Amino acid sequence: MVTGGAYSRSPGGLPSASRRGLFRGGPKGVTSGVRPGSRPLPRRRSCRPMAGGRAQGSRRAARLPEGGRLMAPASLLLALWTLAVVALPGSGAEGDGGWRLGGPGAVAEEERCTVERRTDLTYAEFVQQYAFVRPVILQGLTDNSRFRALCSRERLLASFGHRVVRLSTANTYSYHKVDLPFQEYVEQLLHPQDPTSLGNDTLYFFGDNNFTEWASLFRHYSPPPFGLLGTAPAYSFGIAGAGSGVPFHWHGPGYSEVIYGRKRWFLYPPEKTPEFHPNKTTLAWLRDTYPALPPSARPLECTIRAGEVSGWQDRARPGQRPAANLRCTPFLHQVLYFPDRWWHATLNLDTSVFISTFLG
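Residues numbered from 1 in each chain as written. Predicted model: local features only at pLDDT ≥ 70, side-chain atom pairs only at ≥ 80, totals over all residues. Heavy atoms only, no water.

Topic: the packing of aromatic side chains
Applying the stated criterion across every chain, the model contains 30 aromatic pairs. Between Tyr221 and Tyr235, the aromatic rings sit 5.3 Å apart at their centres with planes inclined by 85°, giving edge-to-face as the arrangement. Pair noted here: Tyr221 is in the loop between helix H6 (211–218) and strand E6 (233–240) and Tyr235 is in strand E6, with a separation of 14 residues, a long-range link. With relative accessibility at 6%, the residue Tyr221 sits in the buried group. Cluster of aromatic residues (ring-pair linked, three or more members): Phe147, Phe160, Phe182, Tyr185, Phe205, Trp214, Phe218, Tyr221, Tyr235 and Phe237. Between the NZ or CZ atom of Lys263 and the centre of the ring of Phe354, over which it lies, the distance is 3.6 Å. (Phe/Tyr/Trp six-rings, centres within 6.5 Å; stacked < 30°, edge-to-face > 60°. Helix = DSSP H or I, 4+ residues; strand = E, 2+ residues; numbered from the N terminus. Buried < 20%, exposed > 50% of the residue type's maximum accessible area, 1.4 Å probe, protein only. Lys NZ or Arg CZ within 6 Å of the ring centre and 35° of its normal.)

Here is the structure:
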């Protein structure tokens, strides 16, 4: 990510790009992600608008086999749920995908989310009210359940454990890079953030993906449906331990979605430079600087959590059989949109798997 104050921009007003990562570092050069469903992006590319409107998808109606008896509605739901669990193995017995969410390294959420949440937002409303003005949390626009299942610890290690990934230091400019096998990163370096460590001592996996090697995963991701004229979407995928994050920085507009875990965001408008040290972690900033900020100097805050099905809940009334009122209670999929040049810092509250869609 492009971070810090000034950074290089192309003549068209958009960040210049190369093949690896996307928008990472401060005034140094930026790197690119990948367009969904395409080969790695060239160094210079023409931009085309991303179609607005709602995400479209085809769903085939479930059919009962010919012959035999019809199943009762509750029994049918229970059977379909059982088939879904079998069809998507490796999602974790408790819905954590094997990433061991929570625990002693987990960090608390904000007292109150100050970023507006919207459901059933139209593209016209998005452009007029948010795209160039302020962040917004979009709920229920996409369903990435399949992508989530593929991002379990077991499945990612099986598919990509031998692949070499590039890690960046978790400071504002992140100049230092380290290459190592993905399995080594997950098994040896993916642990809670040491509160005393500096940003340049913390390695962070985000953005510098080899998209040719990871294409089999990314093709299953459904990005937010709202684009901006003259931009093309590019993905940055990451996994990080509880308490890790990136200090304040800014770059072009984009979206962020959490697949497993929770990610806390702190955002300031372009004209309001936050008080921070570029080599101190977000965790240290939250501990040392944030408590002393007056209310007028506080950032916009929110926590983006994984959208998931929380499970089948028995809502039977007295006298009814429990199976008659089984319901599936979903958490709406949440995607944070941040406009161009907005300052932001991130803090992973749990071990988190996440993906950003940058509009560059």
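Some words on H6
Considered for burial, the residues of H6 that qualify are Phe211, Trp214, Leu217 and Phe218. For H6, the angular spread of the buried residues around the axis is 90°, confining them to a single face. (Arc of directions from axis to C-beta.)

Details of the sheet that holds strand E8 (residues 262–268)
A sheet is described by the order of its strands in space; here three strands give the open sequence E9-E8-E13, paired in antiparallel fashion. Edge positions in the open sheet fall to strand E9 (300–305) and strand E13 (343–348), since each of these has one partner strand only. Going across the sheet, the axis of each strand differs from the next one's by a mean of 20°, ignoring polarity. The pairing of E8 with E13 spans six bridges and is antiparallel. Bridging from a neighbouring strand, Phe266 pairs with Ala345 of E13. (Pairing = 2+ DSSP bridges. Axes fitted to C-alpha atoms, helices over the stretch in contact; angles between N-to-C directions.)

So, the sheet that holds strand E2 (residues 136–139)
Ordered by their spatial adjacency, nine strands build an open sheet running E1-E2-E12-E7-E14-E6-E5-E3-E4, and the pairing between neighbours is mixed. Where the open sheet ends on each side, the last strands, each with one partner, are strand E1 (117–119) and strand E4 (177–181). With strand direction ignored, the average angle separating the axes of adjacent strands in the sheet is 30°.

Comments concerning the nonpolar core
The biggest cluster of nonpolar side chains holds 45 residues, and the ones touching the most others in it are Leu156, Phe182, Trp214, Leu217 and Phe237. In terms of nonpolar packing, the next biggest core, distinct from the first, is built from 14 residues, Leu283, Trp285, Tyr290 and Trp343 among them. (Core = buried A, V, L, I, M, F, W, Y, C linked by side-chain atoms within 4.5 Å.)

Let's talk about the pattern of salt bridges
This structure, assessed with the given rule, holds eleven salt bridges. For Arg262, the salt bridge goes to Asp350, with nearest N and O atoms at 2.6 Å. Of this pair, Arg262 sits in strand E8 while Asp350 sits in the loop between E13 and strand E14 (352–359), and the two are 88 residues apart along the sequence. Taken as a pair, Arg262 and Asp350 share a single burial class, namely buried. Residue Glu301 pairs with Arg264 through a salt bridge whose shortest N-O separation is 2.8 Å. Note that Glu301 is positioned in strand E9 and Arg264 in strand E8, a separation of 37 residues in sequence. For Glu301, a relative accessible area of 7% translates into the label buried. On the accessibility criterion, Arg264 (5% relative accessible area) is buried. One continuous salt-bridge network, built from bridges that share partners, spans Glu109, Arg262, Arg305 and Asp350. (Salt bridge = Lys/Arg side-chain N within 4 Å of Asp/Glu carboxyl O.)

Details of the state of the cysteines
Under the defined criterion, the tally for this structure stands at zero disulfides. Here Cys302 is not disulfide-linked; the sulfur of Cys113 is the nearest cysteine sulfur, at 5.0 Å. Cys302 gets classed as buried once you look at its relative accessible area, which sits at 0%. (Disulfide = S-S within 2.5 Å.)

A few points about the confidence of the model for the protein chain
Looking at the protein chain, the pLDDT average stands at 74 and 65% of residues meet or exceed 70. Of the regions scoring below 50 in pLDDT, residues 1–32 engages in 125 contacts with residues more than four places distant in sequence or in other chains. Confidence drops under a pLDDT of 50 for residues 309–330, and excluding neighbours within four residues, the segment shows 33 contacts in the predicted structure. (pLDDT = per-residue confidence, 0-100. Contact = heavy atoms within 4.5 Å.)

Let's talk about the pairing of strand E7 (residues 254–260)
Counting buried positions along E7 yields seven of seven residues, so the element is predominantly enclosed. Of the strand pairs in this sheet, E7 and strand E12 (residues 334–338) are connected by four bridges, and their pairing is antiparallel. Bridge assignment links Glu257 to a residue of E12, and that residue is Val335. Taken together, the six bridges between E7 and E14 define a ladder with antiparallel strand orientation.

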